[in-house]
Amino acid sequence: MSKSVRVIEVKGRRIGGDRLQICVPLVAKTEAELLKEASSIAALKPDLVEWRVDFLEVVESIPDVLDILLQLRNRLLEYPIIFTCRTHLEGGYRSIDENIRLQLIKKAIKSGRIDMVDIELISGEKVIQDIIDTARLNHVYVILSNHDFQKTPPINTMVERLKKAQDLGADIAKIAVMPNSMEDVLNLLYATNSMKEQYAHIPIITMAMSGKGLITRIGGGIFGSAVTFGAGKAASAPGQIAKEELETAIEILYKNL
Ligand SMILES: O=C1C[C@@](O)(C(=O)O)C[C@@H](O)[C@@H]1O
């Protein structure tokens with residue numbers, strides 16, 4: 001039975017289309033650093049930009065964050081912005097009051113200043129539904145994500161998590177895991193391919209972190225991942241290499257496909 005996978009189109013980028021998209025994260029701790037980082041990121045010409053808001057020192061001051069977001073939007077007008085305020089439980093840079101975090105995410109969605117939002121699958125169905133409803137009303141795409149910084153779960157668990165994200169109404173399902181062996185890396189790729197071939201109706205994003213997992217950041221697109229993350233000024237997770245190097249490696253791979 002053939003199934004079609006939805007392509008997400010944002011500002012001329014096609015996520016889930018033929019070309020693997022490269023996302024560069026912004027990880028500055030202060031407003032000044034962030035705006036500088038944003039200006040230099042534009043020179044890297046990424047497909048997507050992720051603002052990892054959890055790195056920001058003033059993250060718990062919602063008015064400040066929204067103001068900084070406006071300035072970021074104005075500097076990155078032609079780039080799709082993913083707004084991610086990662087929980088400390090899944091690799092977030094700092095511990096943030098959960099009520100404030102969720103309020104901030106909703107206000108960012110309503111601000112008209114972002115294109116996509118990332119929220120963790122562990123947030124629970126009620127929170128996720130609320131975020132998805134708010135996002136739909138405001139034309140923001142939702143990435144439902146899952147991260148394991150310790151290990152790589154079994155293949156069927158990884159596939160189940162991606163399926164769950166899809167079933168809950170995600171526009172994009174994402175999983176990032178930590179490999180402790182090369183078998184773990186193969187398992188992540190196997191899960192990616194199975195999800196893509198058998199179940200996915202939406203784009204998926206997968207990666208194995210750390211040096212061991214680098215092959216998944218370069219070659220994951222061949223197995224079904226729609227987006228890979230390359231570092232700008234600094235990495236937002238273990239194993240991210242510089243965007244330019246990543247792009248070169250991907251180009252070599254795709255030239256001969
Ligand atoms: O979820 C992801 C993937 C990621 O963890 C990575 O391993 O590249 C980097 C994060 O910034 C992003 O939100």
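Computed from a predicted structure; not experimentally measured.

So, the overall build of the protein chain
The helix and strand inventory of the protein chain stands at eight helices and 10 strands. For a compact globule of 257 residues, the expected C-alpha radius of gyration is about 18 Å, and the protein chain comes in at 17 Å, within 12% of that figure. Based on the C-alpha atoms only, the size of the protein chain along its principal axes is roughly 45 × 40 × 35 Å. With 257 residues in all, the protein chain has 49% of them scored as buried. The long-range fraction of contacts in the protein chain, counting pairs at least 24 apart against all pairs at least 6 apart in sequence, stands at 72%.

Section: the nonpolar core
Counting 78 residues, the largest nonpolar core has Val49, Val117, Val142, Leu144 and Ile172 as the members making the most contacts within it. Those residues within four positions of Val117 in sequence are excluded, and the remaining contacts are Phe83, Ile105, Ala108, Ile109, Ile131, Ala135, Val140, Val142 and Ile143.

Topic: the confidence of the model for the protein chain
Mean pLDDT for the protein chain: 96, with 99% of residues reaching 70 or above. Confidence metrics for the complex model read pTM 0.97 and ipTM 0.97.

Digging into the site of the ligand
Every one of the 15 residues lining the ligand counts as a neighbour, but Pro25, Ala176, Phe229, Ser236 and Ala237 are closest to it. Residues of the shell around the ligand, tallied by class, amount to six nonpolar, five polar and four charged.

Focus on the UniProt feature "active site" (unreviewed entry) in the protein chain
Using the residue numbers shown here, the UniProt feature "active site" (unreviewed entry) corresponds to His147 and Lys174. The largest pairwise C-alpha distance within this set of annotated residues, which runs over 28 residues, is 8.5 Å, so the set is compact in three dimensions. Relative to the helices and strands, His147 is located in strand E7 (residues 141-148). His147 gets classed as buried once you count the C-beta atoms within 10 Å, which come to 22. In contact with Lys174, other than residues within four places in its own chain, are Ile143, Ser145, Ile204 and Ile205.

Considerations on unusual backbone geometry
With a phi close to 45 degrees, Lys11 is a non-glycine residue in the positive phi region. With respect to the helices, strands and loops of the structure, Lys11 is situated in the loop between strand E1 (8-10) and strand E2 (13-15). For Lys11, a count of 13 C-beta atoms within 10 Å translates into the label partly exposed. Positive phi outside glycine occurs at Ser210, with the angle close to 70 degrees. By C-beta crowding, Ser210 is classed as partly exposed, having 16 other C-beta atoms within 10 Å.

Observations concerning the pairing of strand E5 (residues 81-84)
Neither face of E5 is open: one carries Ile81 and Phe83, the other Ile82 and Thr84, and all of them are buried. Bridge count for strand E4 (residues 48-52) against E5 is four bridges, and the pairing is parallel. Its bridge partner being in E5, Val49 is matched across the sheet by Ile81. With helix H2 (residues 62-75) bridging E4 and its parallel neighbour E5, the resulting β-α-β unit is right-handed. Taken together, the three bridges between E5 and strand E6 (residues 116-120) define a ladder with parallel strand orientation. Counterpart to Thr84 in the pairing with E6 is Asp118. For the crossover that starts at E5, traverses helix H3 (residues 98-110) and ends in the parallel E6, the hand is right-handed.

Observations concerning helix H6 (residues 182-199)
Between its first and last C-alpha, H6 extends 25 Å over 18 residues, near the 26 Å set by a 1.5 Å rise per residue. Listed in full, the buried residues belonging to H6 are Val185, Asn187, Leu188, Leu189, Ala191, Thr192 and Met195.

Focus: the environment of Leu144
Note that Leu144 resides in strand E7. Distance from Leu144 to Asp167, taken between C-alpha atoms, is 11 Å for residues 23 residues apart in sequence. Not counting the four nearest positions on each side in its chain, Leu144 is found in contact with Ile119, Leu121, Ile128, Ala165, Leu168, Ala170 and Ala173.

Examining H3
Its 13 residues give H3 an end-to-end C-alpha distance of 19 Å, which sits within 8% of 18 Å, the value for a rise of 1.5 Å per residue. Along H3, the positions that sit buried rather than exposed are Arg101, Leu104, Ile105, Ala108 and Ile109. Angularly, the buried residues of H3 cover 135 degrees about the axis, an arc narrow enough to put them on a single face. Of the residues in H3, the exposed ones pointing more than 90 degrees away from the buried face are Asn99 and Gln103. Buried-residue contacts for H3 involve H2, E5, E6 and helix H4 (125-137). In the segment just after H3, Gly112 is the residue with positive phi, at about 75 degrees.

Quick notes on the rules
- Residues numbered from 1 in each chain as written.
- Predicted model: local features only at pLDDT ≥ 70, side-chain atom pairs only at ≥ 80, totals over all residues.
- Helix = DSSP H or I, 4+ residues; strand = E, 2+ residues; numbered from the N terminus.
- Rg over C-alpha atoms; globule rule 2.2 N^0.38 Å.
- Buried ≥ 20, exposed ≤ 12 C-beta atoms within 10 Å, placed from the backbone.
- Contact = placed C-beta atoms within 7 Å.
- Core = buried A, V, L, I, M, F, W, Y, C linked by C-beta atoms within 7 Å.
- pLDDT = per-residue confidence, 0-100.
- Near = placed C-beta within 6 Å.
- Nonpolar A, V, L, I, M, F, W, Y, C, P; charged D, E, K, R; others polar.
- UniProt positions renumbered as here; feature names shortened; annotations may be inferred.
- Pairing = 2+ DSSP bridges.
- Right-handed = clockwise from strand over helix to strand, strands pointing away.
- Expected span 1.5 Å × (residues − 1).
- Arc of directions from axis to C-beta.

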